[in-house]
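Topology and contacts: notes
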Amino acid sequence: MKKSIILLTLVALVVLLAGCGGKKTSEELPDSTIKVNGDTPSWKNDKATAELDWYINFDWFAQTWGNDVSSKYITKDTGVSISYLGGSDDKLNTMMASGDLPDIITMDGNNPFVKDADKFAIPLDVLAKKYDPYFLDKAAKPETLKFFTRDDGHIYGYPNFSNTKSDYEKGGIYGNQAFLVRKDIYEQLGKPDMTTPEGFISALEAAQKLGTKDELGKTVIPIGVSPFTEENPEKNGVFNRTLADFIGVPMLTKDGKYYDRYTDADFQKWLKVFVDARQKGLADRDMITMTKDDKDARLTNGSYFAYFASDLNGEPDPLSVWGKEHPDKEYIAVNGPASTIGNKTVLPGTSIEGWTQTFITKNAKNPQKAMELVTYLVSEYGNNVMNFGREGETYTIKDGKPVLNPDLLEFKQTDPAGFEKKVGLTTHLWLQDSALLSRQMGISQFPKALQQPKKWTQDYVAPQFELASLDVYLSKESSRNKEKIDQNWAQTIAKILDAKSDSEVDQAMNEFIQYRKDNGYDKLVEERNNQIAANVKKLQ
Amino acid sequence: MKSTFKHKFLSQWELQVMVWPSIILMIVFSFVPMFGLTIAFQDYSPLSGFAGSEFVGLDNFKAFLGDKDFYTVLTNTLGISLMKLLIGFPLEIVLAILINQIRLGLFKKFTQTVSYLPHFLSWVILGGMITSWLGSTGLLNSFLLSTHLISEPLSFLSNANAYWWIATLSDIWKEVGWGTILYLAAITGIDPSLYEAAKVDGAKILKRIWYVTLPGIKNIIVLMFLLRVGSILGANLDQTLVLQNSSNMLRSEVIDSYVYHLGLAQGDFSFATAVGIFSSVVSVTLLLVANFLTKKLSDSSIF
């Protein structure tokens, strides 16, 4: 009896510990099957085929390979066909713990595993030198490569949507924040100036006096902001950064250190303007508690005069529905809260660190073909195939820019989901260059309701690369403290918005400052400053 | 000795065949994973595995026991759970007895179905309903405003002090009907002749409930009570995540959501496991104490 229990336990232990080890090191890579050079991408010469597994760490991504036009072209060119695997963090954890990895892995750039990429990924620079030097020489963006080179001299993952300084110079990058107003009310009020605290409050008061009704017959609420939910990129509506971005609170101190934007005097002044608006009953009462659905319902019914959005990309549906039914009452972007001391509005666009990172793992069955695919998808040619298909078949070049065939463009604009399924262009986006696409398509890439607001952001969007990946490489202690401080800030901002007087605001702020101090803020700032310094070095 | 064991084993092989699969399943799925608890004492990374991660002793335990917020979180967990226990637990018994008293068969079934229907809705759906009912233009405020009980809409969900009540009442509303099922089953099992005898002795309804029904379901009551005490530190993560917002976080953060925010969401599995071990130890202790007390007081217990 006893023996069998011990035996069982041992078997279980072996099962548990199996899977650790047995990973390929970069020195053991097989030789290239073709002669490579930096001027031609290897996929052009390598006629071999391969089937690779590509894991995407987002469970909403449910695309399959080979059913749409786009992936068929890619397979024809490169000989690679893909089986996509999808999942969320649980699955990724299990995969990493068991060591049973697919050929390619894509995850959010902030995922904790990114830090330890050297343990599961083969460096892309090593692979590229051996199999496809075109990746380093021509396909990838030099600035992005430099930014992603780690201290050990290797590049492990390549991002999608990485926007470099030269992308910003070439234009075509848009912000994601806007101050929207209902056009009809705004014009009825004589297009008031809402950039100063006084103008802001008096415009809201005037809007309330008008007593305009929304679709449901309720009086229009003078102002609402993005919801305070986890799904929103900014957890506290607009009070983590959007308000500060609008009033141009700097991100860095003059000597290039981390700047504490929350305690900035101008930011505090504007916070109190919002508190004032709350006290006067001008702001949405449910601002802090409402869900995304509540917010969508309000926008769909035109219930706000002004709506301060920290995530324009999340608003196309409600804005489209409202705008389509009431073209003369649509929401438009205007200049909103601005600095009282003359700072310029600075909106962030996608940064150099992009969104996701894609790795070729140590378990890759065919690292050569995997590298060729990465090179292909990263290159401008590959991007064109991914986004527009094949020249002469699905698009033509007009004024040096690819333009989709009219029937396809119509399909894309009227039935985006169907387009994605059948045509698939812009669907296989995990190594996409969004800046290139943006330049090629211009403002017409956005749904109609977002076009005016997106255009408005163009003048204010600016790179803030020094802060890229700011909190990815924190120590365990600091990342725990960061989470606690963020939570406390959420509570503080809620307390501030409900404050009855300015002194209550100040008191809540002081408590927050004390809390930060008690929870390792100094060390957190120090680590952030190290990251900023490292970024600056890589950006030079 | 050996032959008697073999003999015994063979003589009851049918029983053994039934028992062993579950014992093996339990070893594989309940005991083997317990090796995972070692990560509470490590700086664990899934990439390095159990064998490769560095041992850090009690650091993870120190991290949360030294955290002032942890005591707020503990207070919230205990507060909400105790309220659910003190209000929800007796309510289930009362409701079961009331439903049992209904004479009209169809109406009885209807009442029971309606009362346990909310159990089948997930917290994600209920959360959305509750937030909209409690909103400034929601059901409750509209009612209070129209009856002139208040002149300004109240914001229930952003009032931290109201959160414990909202959590308790919404949980009771969802689960109270479901909780009556076992009691109803137990009540049906009571010998009808006892009621007849009580009636003959001149006992009115209340007396019959007190002297026949309650003693008849005493064992079930004790069992359910002990089970509830054992899970007092698990204050329903789903409910917390859907009803929590920045305004009520001070009163709504419970151990489970604390673990979720600071451990799992950060990929810090060691920390999450350490808190998990802590609450398991506390739960087992509470269960043992409650078991001991009920044994002393009422002479019935689960072990």
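Residues numbered from 1 in each chain as written. Chains lettered and ligands numbered in written order. Predicted model: local features only at pLDDT ≥ 70, side-chain atom pairs only at ≥ 80, totals over all residues. Heavy atoms only, no water.

Across its full length, chain A holds 23 helices and 13 strands. Rg of the C-alpha trace for chain A: 26 Å, near the compact-globule value of 24 Å for 540 residues, within the 12% margin. Over its C-alpha atoms, taken along the principal directions, chain A stretches across nearly 75 × 65 × 55 Å. (Helix = DSSP H or I, 4+ residues; strand = E, 2+ residues; numbered from the N terminus. Rg over C-alpha atoms; globule rule 2.2 N^0.38 Å.)

Another aspect to go through is the UniProt feature "transmembrane region" (unreviewed entry) in chain B. Residue and element names in this part refer to chain B. Following the UniProt record, the feature "transmembrane region" (unreviewed entry) maps to residues 20-41, 78-99, 120-143, 163-188, 209-227 and 269-293 here. End-to-end, the C-alpha atoms of residues 120-143 are 27 Å apart, and along that stretch the chain is 71% helix and 0% strand. Summarising residues 163-188: 100% helix, 0% strand, and an end-to-end C-alpha distance of 37 Å. (UniProt positions renumbered as here; feature names shortened; annotations may be inferred.)

Listed by partner, the interface residues are 38 residues for chain B and 37 residues for chain A. Here chain B packs against chain A, burying approximately 3,300 Å² in sum over the two surfaces, 60% of which is carbon and sulfur. The largest contributions to the chain B side of the interface with chain A come from Leu 47, Ser 246 and Gln 266 of chain B, which together make up 20% of the buried area. Joining chain B to chain A, the criterion identifies six salt bridges. Elements supplying a minimum of two residues to the side of chain B that touches chain A: α2 (13-31), α3 (49-52), α4 (59-65), α5 (68-101), α14 (249-252), α15 (255-264) and α16 (269-298) of chain B. (Contact = heavy atoms within 4.5 Å. Buried area = accessible area lost by both parts, 1.4 Å probe. Salt bridge = Lys/Arg side-chain N within 4 Å of Asp/Glu carboxyl O.)

Our next topic: the sheet that holds strand β10 (residues 356-360) of chain A. Residue and element names in this part refer to chain A. Ordered in space as β2-β1-β3-β10-β4, the five strands form an open sheet in which the pairing is mixed. Looking at strand neighbours, the two that pair on one side only are β2 (80-86) and β4 (157-159), the edges of this open sheet. Taken over all neighbouring pairs, the strand axes of this sheet differ in orientation by 25° on average, direction set aside. Sheet topology note: the strand β3 (residues 104-108)/β10 ladder contains five bridges and is antiparallel. Paired with Ile 105 across the two strands is Phe 359, which belongs to β10. Relative to strand β1 (residues 50-56), helix α15 (residues 367-378) is tilted by about 65°, and along the sheet it contacts β1, β2, β3, β4 and β10. (Pairing = 2+ DSSP bridges. Axes fitted to C-alpha atoms, helices over the stretch in contact; angles between N-to-C directions.)

As a further point, take a nonpolar patch on the surface. All names here are of chain B. Together, Leu 223, Leu 227, Val 284, Leu 288, Ile 302 and Phe 303 make up an exposed nonpolar region whose accessible area comes to about 520 Å². In this structure, Leu 223 sits in helix α12 (residues 218-230). Judged by its relative accessible area of 32%, Leu 223 is partly exposed. (Patch = residues over 30% accessible without salt bridge, like charges linked within 9 Å, V, L, I, M, F, W, Y side chains within 5 Å. Areas by Shrake-Rupley, 256 points an atom, 1.4 Å probe, with all protein chains shown as cover. Buried < 20%, exposed > 50% of the residue type's maximum accessible area, 1.4 Å probe, protein only.)

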